[in-house]
Amino acid sequence: MLLLQLLINGIASGALYALTAVGFALIYNGTRIFHIAHGAVFTFGGYALYLFAVPLGLPWIVALPAAVLATAGFGALMDALVYRPLRKRGTGPAGMFIASIGALTFAQAVYALVFGTDTVNLRQGGLPTFDIGEVTVTAVHVIAAIVALLVFPVLQLFLSRTRWGRAIRALADNPRLAVVRGIDAERLYILIFALGSALAGLAVVILAFDLGVRPDLGFTVMFVALVAVIVGGVGYLPGAAAGGFLLGVTQNLSLWQLSGRWQDVVVFGLLLAFLALRPQGIFGHMLVTRRV
Amino acid sequence: MEAILQVEEISQSFGGLRAVDNASFTANDTEITSLIGPNGAGKTTIFNIISGFLPCQSGTIMFRGQPIHELKPFEAARRGIARTFQDPRVFHDMTVLENVMVGIRQKGERPLWALVRGDQVNAEWRRARERSEAILSTVGLIDRAQDLARDLSFGEQRFLSIARSLVGDPAIIMMDEPTVGLDRGTFAKLLELMTRLVEVERKAFLVIEHNMDAVMSVSAKVVLLVQGAVVASGTPGEIQRNRSMVDAYLGRRHAAASH
Amino acid sequence: MDYTLHLVVIVLIYASLVVSLDLLIGHTGILSFGHAAFYGIGAYATAALTVYAGWDWFSAMIAAAAITAAIAALVGIPTLRLGGDYFILAMFGFQLIVITLILNLEPITNGPFGIRNVPRPSIGSFQIQSGLGMALFVAAVTGIIFLVHWRFASSPMKAMLHAIRDDEAVAMSLGIDVVRTKILVFAIGAGFAALSGSLMAFYFRFVTANSFVLATIILLWAMLFVGGSCSIAGAIVGPAILVLFPELFRFVGGEGLDIPNIQEALYGLLLVLVMIFRPQGLVGRRAA
C-alpha cells in the first residue's frame, strides 16, 4: 500500500534528518553559532566515505567509521579555522553567520571543482531488501532507524552522566556563568563541533552509501534539519530529533498527493506556519536571546 | 505630593518561580523613590513590567492616573516613562551628541520625510540638536559632544545613558543601579545631578539601588522588596529606624556577599 | 567596447541591489536572505505586466515595486518580531518557496522557460534600442536609487535605524516603534530590490528563475561585506570587485575551467577572509 511505503521511507529519511538536526542543535545550543556550514561538513563526510571506499578500496567496515571520524574532524577544523579567529576578534553572531555562509559556499564549490557536480555513486550493486506484504524495506531503511534509535539514548547519557557532557550543558544554559565557573570554553567548543559533526557523519554515511554524494547534498538535508530544529523547539535536543522524524514523514507522505516538485514548499510552509503560530515549537522551547 | 506612579498588586511568575508577589507601592512626583532589596528580589522584573518589557500578569499600574500595564515599551516611553539599564548600553559607534539626539522622536525619521526634507524637518532637527546640547550641558558632557561613545569612560557612559533618557522630557526616570562602578567623584556628581533634576526640572525618579549612602541621602521614600514582596516602605529615616527590617535585609546581603 | 559596457551595466544593477540590501543589513541589522527573492519577484512582475498585460514600462516598474513591497510587508509581519536566527531561516525558506513557485506556476511565469521579449523602455515615442541607450537608462535608475539611499543615510532616519540595529531594547525604551519600523524598512528595501529586478528585465529582455537563486543572495552578501556595509561607496566597490575580478579568469584560464564554481569558491573564501581580517570591508564604516 503506497501510504505505508511512504511512511516507511519517511521514517528512514526522518532518522537521517533527526541525526543531522540534533548535530546542528548541539552546536547551536552550545556555541550560539548559526553554523549553516554544517551542511558542508555533512557533505564532506560523504566524499570522505567515497575516498576511503573507492580509490583507497578500504573495506566498508573500516571506511564507514573512518568517514564518521573524518566528518567529526572536519567540523572541529572548521571551528578552529573560521570561528575561533572570529571569537578572538569579538565578532558578533551576525558576523559568525556571514563567515559560516562563506565557508559553506567555499566548501561546496571546492567539492564541485574536485569531484564534479554529478552524483558520485559509492556502491555497485543493489541493496538487500525485505518485502513485507506490499511494502519494500531496504537495508538502509533498517540501518537508519537502528542507528538513530541507538545514538540518541547514548547521546542523552553522555550529556547527563559524563563530566564533559555536563560541561557542555552548562555552557549551553549560561555561557558566561560557565566560563566564570572555570569551564574551558575553547576546548569544549572543539568537542561540541566534533560531536555535532559526528552525528552528521553518521547520517551522511548512510545516505551516501544508499544514494551517492553530490556537492549540495548536505545543503538540502541541512534545510530540512533546520526546520526540524524549529519545529521541535530551539534549545531542546529531543525536540530536534522528533522534528526530524516528523519532517521526514511529512515530506514523504506529501508525495501521496503532491508531486516531488512541491516538497520544498511543504517543508518551508511548515516552517513558516510554525514561525508565525508557534515559534517555540511543539514542545515549547525557545532559546532565550537577551531581549531586555 | 502627588503620586505619579501607582503600582498595585502586581505579580509575576516565571515557570514555577514567583518573582514578584503582590507588590504595591507608589512613587511621588518631583521625588526620588528608591527600590531596595537583596539580589533576586524582583526589582528589575518590576522595572521591566512597568516599562512594558514584560507583560503584566496581574495587578495594575497607573501613571499620572492612566493605566499603563498593557503598553508596549515604546508606548510607555512616549508617555513619559524613561528608563536606563544596569549597563549603560550606549551606542558605541555614534558620537555622544548623536546618542542623545536619538532619544528625540522626529518627523525626519520617517522615510518619506527623510527623502523630501523640507524646512519643517530641518527646523525640527535643529531644535533636537539644541535640546540635546542643552541636556549634555546639564549632565556635564557637552565637551565630549563630538567624541565617539565607545571612547568614554564608564562613568561618562553612565551619564550619557541618563542624558539620552532625559532628552525626551520624561516625567519619571527609572534607573537600574545607576551608581554601580562609579568612583567617589562621579558618584557624588550623579547624586547632585539627580537632586538638581528633581528641584529644577521637577522630574521624578524611581531608582533601584544597593548603595545605602545614595539611597539614604537623596531618597524621599524607600521601598524594600524581599523575595518579590514589598516588606516595608517609608522615608529613609523610618526604614532605618525599623532595625529588624534593615538587619534582615543586610543580613541577607552579607550572606549573599560572602559567597 | 560592447562587452565592457555590458559589464558596467551588470555592476550597476548589482550596485543598486547592494545599496538597498545595505539599508536592511548595514543600517537596520535586518539580516535578509530574501533580497534575491524580491529582486526576482520584481523582475517577473515587470516582465509579466509588460509582456502579457501590455502595460508600459513605467507603470509596470512602479506596480512591480509596490507588489513586492506588499509581499515583503506580509512576510515581515510575522517573521521580523522573532529573533535574528529565526528570521534568517524564515527568509531562506521564503526564498526557496519563491523559486519553487516561479518554476511551477506556469500560467504566470512560464515555468523554467522564463518570460521572453520584455519590451525596451521608451520615452515618448522613442524606444531605447542601443546598448549605450540601455546603459544610460540603467545608470539613470541606479543613480536615482543611490540618491534616495544617500538621502536616507544623511537624515535622522539613519540614527534611528542604527539604534535599532545596535540595541533594540534601548531603542524601544527611547520611544522607537521597533517592530513597525523594521517592517517598513523591510518593505522599502524589497521595493527597491524589485526596481533592480525591473532593470534586469528591461536590460536582458528575458527573466528566468536562475538569476534569483540562493547563489545570488550569497553573492549579494559577499558584495556588501567586501565593499563594506553602511557605505554608499561600498555598494559600488563590492559589486565592481566581485564582477570584474572573475573576468580576469577569462584571460588567464580559458577552456576547461569551471568558472562558475571558481567564482563561488572565491566569493565564499572572500566572505570568510573579510570577516576575519577586515570586517568593515574595503570602504565600509562598520564591522558586521
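Predicted model only: the values in this text are computed from it and were never measured.

So, how was this worked out
Residues numbered from 1 in each chain as written. Chains lettered and ligands numbered in written order. Predicted model: local features only at pLDDT ≥ 70, side-chain atom pairs only at ≥ 80, totals over all residues. Helix = DSSP H or I, 4+ residues; strand = E, 2+ residues; numbered from the N terminus. Rg over C-alpha atoms; globule rule 2.2 N^0.38 Å. Buried ≥ 20, exposed ≤ 12 C-beta atoms within 10 Å, placed from the backbone. Contact = placed C-beta atoms within 7 Å. Nonpolar A, V, L, I, M, F, W, Y, C, P; charged D, E, K, R; others polar. Expected span 1.5 Å × (residues − 1).

(A) A look at the overall build of chain C. Of regular secondary structure, chain C possesses twelve helices and four strands. Relative to its length of 288 residues, chain C is compact, with a C-alpha radius of gyration of 19 Å against a globular reference of 19 Å. Here chain C, with 288 residues, has 57% of them falling under the buried criterion.

(B) Representation of the overall build of chain A in the model. The helix and strand inventory of chain A stands at eleven helices and two strands. Ordered by position from N to C terminus, the α and β elements of chain A give α-α-α-α-β-β-α-α-α-α-α-α-α. A globule of 292 residues ought to have a C-alpha radius of gyration of about 19 Å, and chain A, at 19 Å, matches this closely. Dimensions of chain A along its principal axes, counting C-alpha atoms only, are 60 × 45 × 35 Å. Long-range contacts, defined as pairs at least 24 residues apart, comprise 77% of the intrachain contacts of chain A with a sequence gap of at least 6.

(C) Region of interest: the interface of chain A and chain C. Listed as interface residues are 36 residues of chain A and, on the opposing side, 35 residues of chain C. Those elements that place two or more of their residues in the side of chain A that touches chain C are α3 (60-89), α4 (93-115), α9 (217-232) and α11 (263-277) of chain A. Of all the elements, α4 of chain A adds the most residues to the side of chain A that touches chain C, at 15 residues.

(D) Up close: the interface of chain C and chain B. Contacts between chain C and chain B engage 23 residues on the former and 25 residues on the latter. For the side of chain C that touches chain B, the secondary structure elements donating two or more residues are α6 (131-153), α7 (156-166), α8 (168-173) and α9 (178-204) of chain C. For the side of chain C that touches chain B, the leading source of residues is α7 of chain C, giving seven residues. Looking at the side of chain C that touches chain B residue by residue, the class counts come to 14 nonpolar, four polar and five charged.

(E) A look at unusual backbone geometry. Residue and element names in this part refer to chain B. You will see that Thr30, though not glycine, has its phi angle at about 45°, which is positive. Structurally, Thr30 is set in the loop between β2 (17-28) and β3 (32-36). Overall, Thr30 belongs to the partly exposed group, with 18 C-beta atoms counted inside 10 Å. Located in the positive-phi region is Arg202, a residue other than glycine, with phi close to 55°.

(F) Region of interest: helix α10 (residues 237-253) of chain A. Across its 17 residues, α10 of chain A extends 24 Å between first and last C-alpha, which sits within 8% of the 24 Å expected from 1.5 Å per residue. The buried fraction of α10 of chain A amounts to 14 of the 17 residues, a majority that puts the element mostly inside the structure.

(G) Structural context of the environment of Ala45 of chain C. Residues and elements named next belong to chain C. Its location among the elements puts Ala45 in helix α2 (residues 35-51). Ala45 sits 217 residues away from Ile262 along the chain, and the two C-alpha atoms are 32 Å apart. Residues within four places of Ala45 in sequence aside, it is in contact with Ala63, Ala64, Ile67 and Thr68.

(H) Spatial organisation of helix α1 (residues 2-31) of chain A. All names here are of chain A. In this model α1 runs 42 Å from its N-terminal to its C-terminal C-alpha over 30 residues, within 8% of the 44 Å that 1.5 Å per residue would give. In terms of residue burial, α1 counts as a mostly covered element, since 23 of its 30 residues are buried. Of the residues one or two after α1, Arg32 is the one with positive phi, at around 60°.

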